[in-house]
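Understanding the architecture of this molecule
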Amino acid sequence: MENITYTITIPTLGIVNINFYDISLEVINLFEKTNEFKRQKEIKHLGLIAKVFEGSSHSRFDYVMLQCALVDLVDNIHKGSSNLSLGSLKVDGESISGNSIVKSWFLLSNYGHTKFTFGDEKAIMLYAIKTKGFRTQLLRPIDDSELKSWCAKVIMDYDYSKMHYVLAIRRIYKGTLRNIKSREKLLKLIKLLLLDKSHLSYRVNEEKLEQLKRLFNVIRRLSIISIDGHYSHMPVTIDLIASIISLGSIDNTYNNKSLSEQLQPITSLLHDELYLNKNVLELQRNYEIESQNLLSAYKAEGVDSLIELALSKGLHSDLQKNLKHFSRLQLKESLQSDNDFKSDLNELAKVRTGCRDTEYSIDYNPVSGLRYIDFFLCVDKFSEEQLPSFIFNICNYIHGLTRILEQNANFDIDRVLENVISMGEDYKFDKEKLIEIVIESRRLTFPELNRRYMNDIIPLYKELLWSILRYFIKDQYIWDVNIQTRKYPQFIFDIDGKSTSLNRIFNYAIENEPDGDRAFEILQLKKSATRTFEGFILASMARITIYDITKSPNERIATDIDSILIKVSKNKMIVEFHESKNTKKTPENKAKKDLNDKFIKVLNNNAKGYRIKEVKGMGAKLVLAFNNQ
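Before going further, it helps to spend a moment on the overall build of the protein. In terms of helices and strands, the protein carries 23 helices and 16 strands. Overall size of the protein, expressed as C-alpha extent along the three principal axes, is 95 × 70 × 55 Å. In the protein, buried positions account for 53% of the 629 residues. Sequence separation of at least 24 residues holds for 72% of the intrachain contacts in the protein that already meet a minimum separation of 6. When the accessible area of the protein is evaluated, it comes to approximately 29400 Å², of which 48% is carbon and sulfur surface. Separation of charge centres in the protein, based on 89 positive and 82 negative side chains, amounts to 3 Å.

Rendered as structure tokens:
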């Protein structure tokens, strides 16, 4: 049997021999023709991330070869295993080596990754979503209707972690113009990996195919954790050999389920702390914006040349961070709509109304299912006059998520209740009586909907409050929120300040607070918060301790603040930092002194123009007021 052997030094494994034979030789021939291995040796596996975390310098070639080496390890260690042996797969009667199939999948999946990985791939995808003509030209070389439909869905769903497959398929077509036979073999491999079995036109052993896919995904996950964890700032390590051996343990006998479950938290951590790191996204979003300008010239430049540029040099060469991260919203699946992604983009675009020197991005963690909405400020352009509109628009966006929460919750409830009616009719129950029962049952779901609101929506407003606090605090300071176990909520959110509801919340808190000083602090906050206001009200009743991280541990406490109140409308925003003194003599002067001597020192230039006001008989508050008119 013809084969090619590569002797390579691989990070985390050392010197290894990797054999390519059978169908994988077809991929190797394509790589040699297009000089692909040379390209992969010259680009970083983590793309733009390597510009933020400079230690993450391993190449895409290192990553691809690690995956192929692990395929050989699995093949050698678990040969003969009913669940883990790679064996062979029959496709239309032709027997193809499982080893060569899985290696081919790894080679081809990396064939479509660009110079700066998600930097270019997300930019291309975003422009394709917005511009139908570009999308049409991007997919035009793909003749196969099933693959073209799959690629179009990936783009329109903003499933950017799969964009490299779209570009790989496109490259296969462009790279095999004079070798249709080779193209068909390569496309068959791609289809076996990507398409649902119902869309495959081949006769194939479905059980064996699913087994190979499971092994592909486990090896891919092991490779990501091993190489990205090893070279990044993340304290993540994994014993590859032990992990491969453990695939055959009793716990992992069926579906590789146990190992996959063990790896999920680590993979999710890498997404949150590395791939979706806020500093990374500052550069990522800036790169996307700059790349859009180049992509808009696709009619003159040609889509082929732009894709080639993305693969070889990247769409944008001047890598600068002109954005400053402001806030992040983590949306659970209950807050994610079934709308097309373009509708979601249009909804988010409203946040920039009246504050054009801001930006946003949408990302997701495929492991946890969380969607991340990140907001940015344009460095040297954003001004305080834009702040009220910006915060008000974010609050409006969060408020709009309530509708999605209700729709998703009602969908689940309606499905159950419709089933009740259907079954009742089968048993010939009185239909009018059934409908009465269903209506009453729906009323009983209101507490559950309120629980979801408290768990899924309110934390978004709370995170926004902390982001606003960070905007005014110097970088050398961090804080700790003193959350006590109490019967009352320590974060308050309200719309259009209905004094009756706010009074009820504050009165309940004061009555259930055993610490007299703390109850006094809440009372001061109540006086400000319950004044009539048309807009959004965010307040924290929890005491906040602020630390200076440049000092030694025993000197780090800089000050504390008793409570925070934020009121924001379309045209104005008021931020109040409250300091209370539960003393009989001059509480106002003592509180003003604390604010002047300690709290002012932690504020940055964004807080210029503050005023310190007395709260009669209680203390004082530092007030920041912003108007966009």
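Once you've had a look at it, read on.
This next bit is on the sheet that holds strand β6 (residues 358–364). Ordered by their spatial adjacency, three strands build an open sheet running β5-β7-β6, and the pairing between neighbours is antiparallel. With partners counted over all chains shown, the strands left at the sheet margins are β5 (323–331) and β6, one partner each. The average angle at which neighbouring strand axes cross in this sheet is 20 degrees, direction not considered. For β6 and strand β7 (residues 371–378), the ladder comprises seven bridges, and the chain directions are antiparallel. Bridging from a neighbouring strand, Y360 pairs with F375 of β7. Packing of helix α17 (residues 341–349) onto the sheet brings it into contact with β6 and β7, and relative to β6 it is tilted by some 150 degrees.

What follows is about a positive patch on the surface. A contiguous patch of positive charge, built from K527, R531, R611, K613 and K616, is present on the exposed surface. In this structure, R611 sits in strand β15 (residues 611–615). Classification of R611 as partly exposed rests on a relative accessible area of 46%.

Bringing the sheet that holds strand β9 (residues 491–495) into the picture now. The strand order across the open sheet formed by six strands is β9-β10-β13-β14-β16-β15, and the pairing between neighbours is antiparallel. Lying at the two open borders of the sheet, with one neighbouring strand each, are β9 and β15. Between one strand axis and the next, the sheet turns through 20 degrees on average, direction left out of account. For β15 and strand β16 (residues 619–627), the ladder comprises five bridges, and the chain directions are antiparallel. For K613, the partnering residue across the bridge sits in β16 and is K621. Lying on the sheet, helix α22 (residues 516–529) is in contact with β10 (536–540), β13 (563–568), β14 (572–580), β15 and β16; it crosses β14 at an angle near 155 degrees. Sheet strands in contact with helix α23 (residues 587–602) are β14, β15 and β16, and its direction is about 55 degrees off that of β16.

Rules of the game
- Residues numbered from 1 in each chain as written.
- Predicted model: local features only at pLDDT ≥ 70, side-chain atom pairs only at ≥ 80, totals over all residues.
- Heavy atoms only, no water.
- Helix = DSSP H or I, 4+ residues; strand = E, 2+ residues; numbered from the N terminus.
- Buried < 20%, exposed > 50% of the residue type's maximum accessible area, 1.4 Å probe, protein only.
- Contact = heavy atoms within 4.5 Å.
- Areas by Shrake-Rupley, 256 points an atom, 1.4 Å probe, with all protein chains shown as cover.
- Lys, Arg positive; Asp, Glu negative; His and termini not counted.
- Charge placed at Lys NZ, Arg CZ, Asp CG, Glu CD.
- Pairing = 2+ DSSP bridges.
- Axes fitted to C-alpha atoms, helices over the stretch in contact; angles between N-to-C directions.
- Patch = residues over 30% accessible without salt bridge, like charges linked within 9 Å, V, L, I, M, F, W, Y side chains within 5 Å.
- Salt bridge = Lys/Arg side-chain N within 4 Å of Asp/Glu carboxyl O.

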